[in-house]
Amino acid sequence: MVAMDILRLLVAAAIAFVAGKLIAKLKLPSILGWLIAGMIMGPHALGLLGSSVLDSRWFDVLESLLECTFGLMIGTELIWSKMKKAGKQIVVTTITESVGTFLVVSLVFGVLFWFAGVPLYLAFFFGGIALATAPAPSLSIVTQMKTSGPVTRTLIPMAALDDLVGALVFFLVVAFVSAHISTSGVSVPVVLFLIFLPVLLGAITGGIAGWMLRHTKTRQSTLAVMILMLLFSAGLGFAINSLLPTPVLNFMLIGMAYSTMVANLIDEEKLNGIMQVMNPIIGVAMIVVILNLGAPLDYHLIFGAGAYTAVYIIARAVGKYSGAYFGAAVTHAPETVKKYLGLTLLPHSGVSLVFTGIAVSVLSGPAPECASIIQGTIAAAAVINEIIAVFMAKKGFEWAGETAQTKAQTPVLEHREQAAS
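Everything numeric in this text was worked out from a predicted model, so none of it was measured.

1. Some thoughts on the overall build of the protein chain
Here comes step 1: The helix and strand tally for the protein chain stands at 19 helices and zero strands.
Here comes step 2: Considering the protein chain as a whole, with its 421 residues, one finds that 52% of them fall into the buried category.
Here comes step 3: Residue pairs in contact within the protein chain that sit at least 24 positions apart in sequence constitute 81% of those at least 6 positions apart.
Here comes step 4: Of the roughly 18700 Å² that the protein chain leaves accessible, carbon and sulfur atoms contribute 70%.

2. Some words on unusual backbone geometry
Here comes step 1: In the Ramachandran plot, histidine 332 falls in the positive-phi region, its phi being about 55 degrees despite a non-glycine side chain.
Here comes step 2: Among the secondary structure elements, histidine 332 is positioned in the loop between helix 15 (307-330) and helix 16 (335-344).
Here comes step 3: Among the residues examined, histidine 332 registers a relative accessible area of 71% and is labelled exposed.

3. A word on the pattern of salt bridges
Here comes step 1: One pass over the structure, following the stated rule, counts five salt bridges.
Here comes step 2: A salt bridge links lysine 320 to glutamate 97; its shortest N-O distance comes to 2.9 Å. Taken together, the positions of lysine 320 in helix 15 and glutamate 97 in helix 6 (residues 87-116) put the pair 223 residues apart, joining distant regions of the chain. With respect to class, lysine 320 is no different from glutamate 97; both count as buried.

4. A short note on the packing of helix 2 (residues 30-41) against helix 13 (residues 268-294)
Here comes step 1: Axis separation between helix 2 and helix 13 bottoms out at 7 Å; the angle between their running directions is 50 degrees. The pairing of helix 2 with helix 13 is recorded here as oblique in orientation. Note on packing geometry: the crossing formed by helix 2 with helix 13 is right-handed. Facing Ile31, Trp34, Leu35, Ala37, Gly38, Met39 and Met41 of helix 2, the residues of helix 13 in contact are Met286, Ile287, Ile290, Leu291, Leu293 and Gly294.

5. Comments concerning a nonpolar patch on the surface
Here comes step 1: On the surface, a nonpolar cluster with roughly 600 Å² of combined accessible area is contributed by Val2, Met4, Ile6, Leu7, Leu10, Val11 and Ile15.
Here comes step 2: Residue placement: leucine 7 occurs in helix 1 (residues 2-25).
Here comes step 3: Its relative accessible area of 45% is what places leucine 7 among the partly exposed residues.

6. Quick look at helix 7 (residues 121-130)
Here comes step 1: Within helix 7, nine of the 10 residues are buried, which leaves the element mostly enclosed by the surrounding structure.
Here comes step 2: Those residues of helix 7 that fall on the buried side of the exposure criterion are Tyr121, Leu122, Ala123, Phe125, Phe126, Gly127, Gly128, Ile129 and Ala130.

7. Comments concerning the nonpolar core
Nonpolar side chains tend toward joint burial in soluble globular proteins.
Here comes step 1: Ranked by size, the top nonpolar core spans 77 residues in total, and within it Tyr258 and Leu341 carry the most contacts.
Here comes step 2: With 13 residues, helix 13 is the single largest residue contributor to this core.
Here comes step 3: Beyond its immediate chain neighbours, meaning those up to four positions away, leucine 341 contacts Thr93, Val151, Thr154, Leu155, Met158, Ala324 and Thr336.

8. Comments concerning the confidence of the model for the protein chain
Here comes step 1: When pLDDT is averaged along the protein chain, the result is 78, and 82% of the positions lie at 70 or above.
Here comes step 2: The element-level mean pLDDT for the protein chain is lowest in helix 19 (residues 404-420), coming to 51, with helix 15 highest at 90.

9. Brief notes about the packing of helix 11 (residues 219-243) against helix 12 (residues 251-265)
Here comes step 1: Where helix 11 contacts helix 12, the two axes come as close as 10 Å, and the packing angle between them is 145 degrees. For the element pair helix 11 and helix 12, the recorded crossing hand is right-handed. For the pair helix 11 and helix 12, the contacting residues are Val225, Met226, Met229, Leu230, Ser233, Ala234, Gly237, Phe238 and Asn241 in the first and Phe251, Ile254, Gly255, Tyr258 and Val262 in the second.
Here comes step 2: Split by residue class, the contact of helix 11 with helix 12 holds 10 nonpolar, four polar and no charged.

10. As for helix 1
Side chains three or four residues apart in an α-helix point the same way, a direct result of the helix having 3.6 residues per turn.
Here comes step 1: When the terminal C-alpha atoms of helix 1 are compared, their 35 Å separation across 24 residues agrees well with the 34 Å that a helix rising 1.5 Å per residue should span.
Here comes step 2: All buried positions along helix 1 are accounted for by Asp5, Leu9, Ala12, Ala16, Ala19, Gly20 and Ile23.

About the cut-offs
- Residues numbered from 1 in each chain as written.
- Predicted model: local features only at pLDDT ≥ 70, side-chain atom pairs only at ≥ 80, totals over all residues.
- Heavy atoms only, no water.
- Helix = DSSP H or I, 4+ residues; strand = E, 2+ residues; numbered from the N terminus.
- Buried < 20%, exposed > 50% of the residue type's maximum accessible area, 1.4 Å probe, protein only.
- Contact = heavy atoms within 4.5 Å.
- Areas by Shrake-Rupley, 256 points an atom, 1.4 Å probe, with all protein chains shown as cover.
- Salt bridge = Lys/Arg side-chain N within 4 Å of Asp/Glu carboxyl O.
- Axes fitted to C-alpha atoms, helices over the stretch in contact; angles between N-to-C directions.
- Parallel < 35°, antiparallel > 145°, perpendicular 65-115°, else oblique.
- Left-handed = near helix turned anticlockwise from the far one by under 90°.
- Patch = residues over 30% accessible without salt bridge, like charges linked within 9 Å, V, L, I, M, F, W, Y side chains within 5 Å.
- Core = buried A, V, L, I, M, F, W, Y, C linked by side-chain atoms within 4.5 Å.
- pLDDT = per-residue confidence, 0-100.
- Nonpolar A, V, L, I, M, F, W, Y, C, P; charged D, E, K, R; others polar.
- Expected span 1.5 Å × (residues − 1).

The structure is reproduced here in structure tokens:
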């Protein structure tokens, strides 16, 4: 049975790869093909990736390992010597776009729920879930389209920080709402500890790996240390998750913190050699991670989406864009960052569905009607928003002039303008 499920996953990954290639021929990002393939092969359509795969323990372990591996892509870009100039700008912009999104969505739904007679605390759940940004879609566009420039340099470290801020705000909302509606409230210090624990784990194991890598002499020993210590980091995450009532550790953050420490402790030549080997593995990890985002999405929800879904998508987009614009403006970021960074932050589904599951589990006992509102709204929004968001993220990079294609066209356009004048 397990062997058949593994074969199903391999076939699904191959189909997604081909779908990505076909979508790319239409000058759209491959991830859109992977996402649509995931929905088509998921349990709500063809069922190739059914519950026997998605709900299995082995797939959960594999998915966590691949998320940890995907985190390498983020962490190896967070080199302190390169980030010192932009550090303040990135931190401020992350905070403004996160807080801006939370305030806009919470306020809009607060007004709606006040008129509808729905408990107002549900608006804060919507605001907390809206913070979540799925970094995989935008980062896969960075990889596929070979983007480079101010928007790309700002987005990559923000992908890590945004997860931290989003998790912090969401779990604080969970803690305070739980204390309000039930007697078994979540301890705020415990919440904070669990949010930052993945970063601490990755930083410690990455520091040890970095020290060991300084003393390796051959390429084989370097790769062995890098991979074994990454697996050890993930193993610690699995061990801690097994002790928790709900497994909440973010494995992408473990991989990000691990690779950040490694990248800052070894020389650039050794790091580049490691990443040459790891990049194909990261590519496979991206496909499976995106498949896992797409497969649970029920395309039927598109036809049944209500007014709350439309309001949620629009309010979140306004919050993300305006918050990113404001942060970039006050830190005097380049014009392209002000105008287009917000568009690259629109992808949402992965983390939002995890947050939704947690919110539903908190609300299902004391307020089942609220649980159904939030579950239906976010599930439908995840399907609709993700397709729109991937396209808008691609356009954001193009309008910023940071894709390989737009960079190649720029000298031609400049020459034509000079000739015309």
